[in-house]
Amino acid sequence: MSAAIEALAPATRLSAARRSADLAALHADPSVDLLVIGGGVTGTGVALDAASRGLRVALVDKHDLAFGTSRWSSKLVHGGLRYLASGAVGIAYESAVERDALIRFIAPHLTRPLPQVVPLLGDVSRRDAALTRVGFLAGDALRLAARTPSSELARSRRISPAEVIALAPTVRREGLRGGLLNWDGQLTDDARLTVGIARTAARHGAVILTHCAASEATGTSATITDELTGYSIAVRAKAVVNATGVWSGTVDPAISLRPSRGTHLVFRQESFGGLTAGLTVPVPNSFGRYVFALPQPDGRVYVGLTDEEADGPLPDVPTPSDAEIDFLLATVGLALGTPLTRDDVVGTFAGLRPLLDSGEGRTADVSRKHAVLTRDDGMVTVVGGKLTTYRRMAQDAVDAALATSGLSADPCITRTLPLVGAAPREALARIDAPERLIRAYGTEATVVRALGEAEPALAAPVAPGTEITGAELLFGALVEGAVTPEDLLERRTRLSLIPEVAEAAADAAQSALAAQ
């Protein structure tokens, strides 16, 4: 192991060796205060909240960290603006407060301000433009209420046609009379956020076990089976939290969900001419609904998002429908000078929202407010919500687990608890490493850089069409808990979003895992 890796606090390092040691320790003493089932953003948030309060915590996931919905978001840290349109002021305010916590305290390295522009084209009426402007002003009020300084998120404003074109070079010029500019938060990567939360929970003593399935779960126990070896452990817990998202009903059959599929298309930046803002396109005849083209790291743009009923069996990895792809292409094309085609699409992804079945009409109308449900035997299930509010969801779930189990714990501190790699923006600006690495790894960017300097072959991109290096794959194996090639290609990096790039990087992923 390199000196740079060894300089990191051992408690924050997740690896195959750490996983084996933790399984052995759990076998020797299979009792914990809190067992968390589910390694998505909410489950890892629960583990961090509980561990930082002084509880003995174990988290298990049948697959990997961020395997499910947590890696399929739009990568936005929403301020709750869309919820104001439906009168859900409480959810909107909660979102703005949690956005503030993420971008200022919890993960400044993984978040950044994103300008979002609505082009005012001929098919956007002056009435709709005025209503959108009022909505953006309400968003400004939310920002002020959450005490987010304008140095983090600027006020919305009207901009000129030239400014719109500078931000979105491929926008349609005909009939363009300017635009409306709003600011929101954007994540470098939702899966990286989840991994960071898990590693921070480990720093506080939580046991993080991926590729371990939970079965026969009750409010005080579960059987944990290592998916890699088949070995099982009967775990005793004083409280159990079910944070499995859309799979919550498989842990507790009494839970009734109505999953909604959200689909994105992946493009190369060349298709958008160097897009630097979120291009926001109103969906015709659906006031308050938009399709976004969002610039991403590694020269990509994501276009989304849909809200479609997801009937039938739950797949491990959802797939977009042809109708969704056509809808996204057609809608974003309304704002472009030259419409995009399927030939421009280099990848797709879809996630399932774990919405409680409220019996309402469309899934788009189902509340995004989270729910914490306690079963008669004490099992706590947390569902609903969204990525931005994961921390509050986790806090509420732990509070419920404490109430039903009688456990005592310290007060919640996660509102201002930085994740591993986090630092104030002024400190991040002084780090001697490429900006791309700082945005992904924060203060640990120097460790990734040092891995490449120690072995120059690791400094090179692992495949054409990406800037991801072998050093990043090695870091994922030695520090971030990846134990399979898919863990590296699909979640520690997002190479798999463009299948041809992932295929070219497969050997590098195998080499990184072999170096453990």
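- As recorded in an unreviewed UniProt entry, the protein goes by Glycerol-3-phosphate dehydrogenase and comes from Tsukamurella pulmonis.
- The Catalytic activity (unreviewed entry) field of the UniProt record for the protein holds the comment "a quinone + sn-glycerol 3-phosphate = dihydroxyacetone phosphate + a quinol".
- Reading the Sequence similarities (unreviewed entry) entry of the UniProt record for the protein gives the comment "Belongs to the FAD-dependent glycerol-3-phosphate dehydrogenase family."

1. What to know about the overall build of the protein
Next, step 1: For the protein, the helix and strand inventory stands at 17 helices and 18 strands.
Next, step 2: Taken against the 2.2 N^0.38 rule, which gives 24 Å for 516 residues, the C-alpha radius of gyration of the protein at 22 Å falls within 12% of a compact globule.
Next, step 3: The dimensions of the protein, computed from C-alpha atoms along their principal axes, are 70 × 55 × 45 Å.
Next, step 4: Within the protein, the proportion of its 516 residues that are buried is 58%.
Next, step 5: Here the contacts in the protein between residues at least 6 apart in sequence split such that 72% fall between residues at least 24 apart.
Next, step 6: As displayed, the protein has an accessible area near 19700 Å², and 55% of this comes from carbon and sulfur atoms.
Next, step 7: If the 51 positive side-chain charges of the protein are averaged to one point and the 58 negative ones to another, these points end up 7 Å apart.

2. Brief notes about the pairing of strand E16 (residues 347–353)
Next, step 1: In terms of residue burial, E16 counts as a mostly covered element, since six of its seven residues are buried.
Next, step 2: Relative to E16, strand E11 (residues 260–268) runs antiparallel, the two sharing seven bridges. Paired with Ser260 across the bridge in E16 is Arg353.

3. With respect to the nonpolar core
Next, step 1: Core analysis: the largest hydrophobic core is formed by 45 residues, its most contacted members being Leu34, Val36, Val46, Val57, Leu193, Ile208 and Val241.
Next, step 2: Looking at this core, the elements with two or more residues in it are strand E1 (31–37), helix H3 (41–52), strand E2 (57–60), helix H5 (89–106), helix H8 (190–203), strand E10 (232–242), strand E18 (380–383) and helix H11 (390–405).
Next, step 3: Broken down by element, this core gets its largest block of residues, eight residues, from H11.
Next, step 4: Discounting residues that sit within four places of it in the chain, Val57 has contacts with Leu34, Val36, Ala47, Ala50, Ala51, Gly205, Ala206 and Val207.
Next, step 5: Formed by 29 residues, the second largest nonpolar core is a distinct cluster that contains Phe272, Val332, Ala335 and Leu336.

4. Quick look at the UniProt feature "domain: Alpha-glycerophosphate oxidase C-terminal" (unreviewed entry) in the protein
Next, step 1: Taken from the UniProt record, the annotation "domain: Alpha-glycerophosphate oxidase C-terminal" (unreviewed entry) applies to residues 412–514.
Next, step 2: Taken end to end, residues 412–514 comprises 52% helix and 0% strand; its first and last C-alpha atoms sit 39 Å apart.

5. Focus: the pairing of strand E12 (residues 278–282)
Next, step 1: Within E12, four of the five residues are buried, which leaves it mostly tucked inside the rest of the structure.
Next, step 2: Alignment of strand E4 (residues 111–119) against E12, held across two bridges, turns out to be parallel. Following the sheet pairing, Val117 is matched in E12 by Leu279.

6. Some words on the domain arrangement of the protein
Next, step 1: In terms of domains, the protein is made up of domain 1 (11–70 + 191–256 + 365–416), domain 2 (257–356) and domain 3 (425–514).
Next, step 2: Computed over C-alpha atoms only, the centres of domain 2 and domain 3 are separated by 26 Å.
Next, step 3: Each side of the interface is counted separately: domain 2 has nine residues, and domain 3 has 10 residues.
Next, step 4: In terms of surface lost to domain 3, no three residues of domain 2 exceed Arg268, Asp298 and Arg300, which account for 66% of the buried area on that side.
Next, step 5: Taken together, domain 2 and domain 3 are joined by one salt bridge.

7. What about unusual backbone geometry?
Next, step 1: Here the residue pair Gly304 and Leu305 is connected by a cis peptide bond, since its omega of 25° sits within 30 degrees of zero.
Next, step 2: Mapping Leu305 onto the fold places it in the loop between strand E14 (300–304) and strand E15 (308–309).
Next, step 3: One non-glycine residue, Asp298, adopts positive backbone phi at about 65°.
Next, step 4: Summarising the element assignment, Asp298 is placed in the loop between strand E13 (290–296) and E14.
Next, step 5: Overall, Asp298 belongs to the buried group, its relative accessible area being 17%.

8. What about the packing of H3 against H11?
Next, step 1: Put simply, H3 and H11 touch, their axes get as near as 8 Å, and they point 55° apart. Classed by the angle they form, the pair H3 and H11 counts as oblique. In this structure, the crossing between H3 and H11 has a hand that is right-handed. When H3 is examined against H11, the residues Val41, Thr42, Gly45, Val46, Asp49 and Ala50 are found in contact with a partner set consisting of Tyr390, Met393, Ala394, Gln395, Ala397 and Val398.
Next, step 2: Looking at the contact of H3 with H11 residue by residue, the classes come out as eight nonpolar, three polar and one charged.

9. Quick look at the pattern of salt bridges
Next, step 1: As enumerated under the stated definition, the model contains 38 salt bridges in all.
Next, step 2: The partner of Asp22 in a salt bridge is Arg18, and the shortest N-O contact between them spans 3.3 Å. Placement of both Asp22 and Arg18 in helix H2 (residues 16–28) is noted, with a separation of four residues, approximately one turn of the helix.
Next, step 3: Residue Asp184 pairs with Arg99 through a salt bridge whose shortest N-O separation is 2.8 Å. Highlighted residues: Asp184 in strand E6 (residues 179–187) and Arg99 in helix H5, separated in sequence by 85 residues. The same class applies to Asp184 and to Arg99, which are both buried.
Next, step 4: One network of salt bridges, with partners in common, ties together Asp64, Arg71, Asp487, Glu490, Arg491 and Arg492.

The rules behind each value
- Residues numbered from 1 in each chain as written.
- Predicted model: local features only at pLDDT ≥ 70, side-chain atom pairs only at ≥ 80, totals over all residues.
- Heavy atoms only, no water.
- UniProt positions renumbered as here; feature names shortened; annotations may be inferred.
- Helix = DSSP H or I, 4+ residues; strand = E, 2+ residues; numbered from the N terminus.
- Rg over C-alpha atoms; globule rule 2.2 N^0.38 Å.
- Buried < 20%, exposed > 50% of the residue type's maximum accessible area, 1.4 Å probe, protein only.
- Contact = heavy atoms within 4.5 Å.
- Areas by Shrake-Rupley, 256 points an atom, 1.4 Å probe, with all protein chains shown as cover.
- Lys, Arg positive; Asp, Glu negative; His and termini not counted.
- Charge placed at Lys NZ, Arg CZ, Asp CG, Glu CD.
- Pairing = 2+ DSSP bridges.
- Core = buried A, V, L, I, M, F, W, Y, C linked by side-chain atoms within 4.5 Å.
- Domains from an automatic or database assignment.
- Buried area = accessible area lost by both parts, 1.4 Å probe.
- Salt bridge = Lys/Arg side-chain N within 4 Å of Asp/Glu carboxyl O.
- Axes fitted to C-alpha atoms, helices over the stretch in contact; angles between N-to-C directions.
- Parallel < 35°, antiparallel > 145°, perpendicular 65-115°, else oblique.
- Left-handed = near helix turned anticlockwise from the far one by under 90°.
- Nonpolar A, V, L, I, M, F, W, Y, C, P; charged D, E, K, R; others polar.

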